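# Fold and geometry: a report
Each chain, letter by letter, is given below.
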Amino acid sequence: EQAFAARDSILGGVLQPAALDLVNAGAARMLGLDSCCLLVRAQGSPAAIARYRSELPEAEMFEGAPEEALWRKVEEFTPVFLEGHRSACVVRLSATIAGLAGFLAAQAPVVVRAGSGVCYAYFTDTADAAAWLKDVAVRGGKAVVEFSPQDRNASLDLWPSPGNDLEVMKRVKQLFDPRGLLNRGRMYGRF
């Protein structure tokens, strides 16, 4: 709750961070952090950095090499996770910014792009991912499986609730490929 309150304060204030990510406890451990936290990437002039320090007085600051190492880990989270878990499944979820809090409580590591409403959940077991996908659909989120083992794709609904955009995508594809020759089944088996 504190992390979301801090995120809301930043989004409603004058600070313009280069990145604003929220990680749950599972993802935090993988990043070498203690618990669920909000990561704010501050860049700019010394005056801008001083403003971050005054606006976020309770924040733990990383500078220099530790800062670069942390953000490198955040940026490379997906490939490192997939490399360490060959049967892993990565799900991308889109929700309203206000609605993200409910999805952060997953048992799997979760990295939230806290300013955009996009989050990534990392599952070591595709059955857990499938269960989470069903829960996401019930709660109004939109999710898609971005990575999963090829041999398990047939057992997963990779795009459980595509929404209204699917019809627009089909019409655009029809314009460019009226005979349906190119990339059949590429859109998660929908067309």
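Criteria and cut-off values
- For every chain, the first residue of its written sequence is number 1, and the numbers climb from 1 along that sequence.
- Predicted model: local features are reported for residues with pLDDT of at least 70 only, side-chain atom pairs are reported and counted for 80 or more only, and whole-chain, interface and lining totals are derived from all residues.
- Each side-chain value is worked out from all heavy atoms of the structure, with water and hydrogens disregarded.
- A side-chain nitrogen of Lys or Arg and a carboxyl oxygen of Asp or Glu constitute a salt bridge if their distance falls within 4 Å.
- Runs of H or I in DSSP of at least four residues are treated as helices and runs of E of at least two as strands, each being numbered from the N terminus.
- The score called pLDDT rates the predictor's confidence residue by residue, from a low of 0 to a high of 100.
- As used in this structure description, the phrase polar contact means that two N or O atoms lie within 3.5 Å; if the pair is within protein, one of them must be able to donate a hydrogen and the other to accept it, and residues adjacent in sequence are counted only when both atoms belong to side chains.
- Two residues form a contact once any of their heavy atoms are found within 4.5 Å.
- Only protein chains enter the accessibility calculation, which uses a 1.4 Å probe; a residue is then buried when its area is under 20% of its type maximum, exposed when over 50%, and partly exposed in between.
- Paired strands, as defined in this entry, are two strands with at least two bridges between them according to DSSP.
- Definition used in this section: a nonpolar core is a set of buried Ala, Val, Leu, Ile, Met, Phe, Trp, Tyr and Cys residues joined via side-chain atoms within 4.5 Å.

A few words on the pattern of salt bridges. If you walk through the whole model with that rule in mind, you get nine salt bridges. One salt bridge in this structure joins Glu167 and Lys170, with 3.8 Å as the shortest N-O distance. One end of the pair, Glu167, and the other, Lys170, are both in helix H7 (residues 165-176), three residues apart, so they sit about a helical turn from each other. Note that Lys173 is salt-bridged to Asp177, the shortest N-O span being 2.6 Å. A cluster of three or more residues bridged by salt bridges with shared partners is formed by Arg41, Glu68 and Glu75.

To continue, consider the confidence of the model for the protein. Residues at a pLDDT of 70 or more form 91% of the protein, whose mean pLDDT is 85. Summarising per-element confidence for the protein, the mean pLDDT is lowest in helix H6 (residues 126-138) (80) and highest in helix H4 (residues 65-75) (95).

Its place among the elements puts Arg7 in helix H1 (residues 2-12). A distance of 3.3 Å separates a polar atom in the side chain of Arg7 from the backbone oxygen of Ala114. If sequence neighbours within four positions are ignored, Arg7 has contacts with Leu20, Leu38, Ile97, Leu100 and Ala114.

On to the pairing of strand S1 (residues 19-23), then. Moving residue by residue along a regular strand, the side chains alternate between the two faces of the sheet. Counted residue by residue, S1 has five buried out of five residues, so it is predominantly covered. Here S1 shows two buried faces, one formed by Ala19, Asp21 and Val23 and the other by Leu20 and Leu22. Here S1 runs beside strand S2 (residues 37-41); their pairing, made up of five bridges, is antiparallel. The residue bridging Ala19 from the neighbouring strand is Arg41, located in S2. Note: S1 against strand S4 (residues 110-113), three bridges, orientation antiparallel. The partner of Asp21 across the bridge, within S4, is Arg113.

Let us look at the nonpolar core. Core analysis: the largest hydrophobic core is formed by 29 residues, its most contacted members being Leu22, Val91, Val112, Phe123 and Trp132. Of all the secondary structure elements, the ones that give two or more residues to this core are H1, S1, strand S3 (89-94), S4, strand S5 (118-123), H6 and strand S6 (142-147). No other element matches the four residues that H6 contributes to this core. Excluding residues that lie within four positions of it along the chain, Phe123 makes contacts with Phe81, Ala88, Cys89, Val91, Ala108, Asp128, Ala129 and Trp132.

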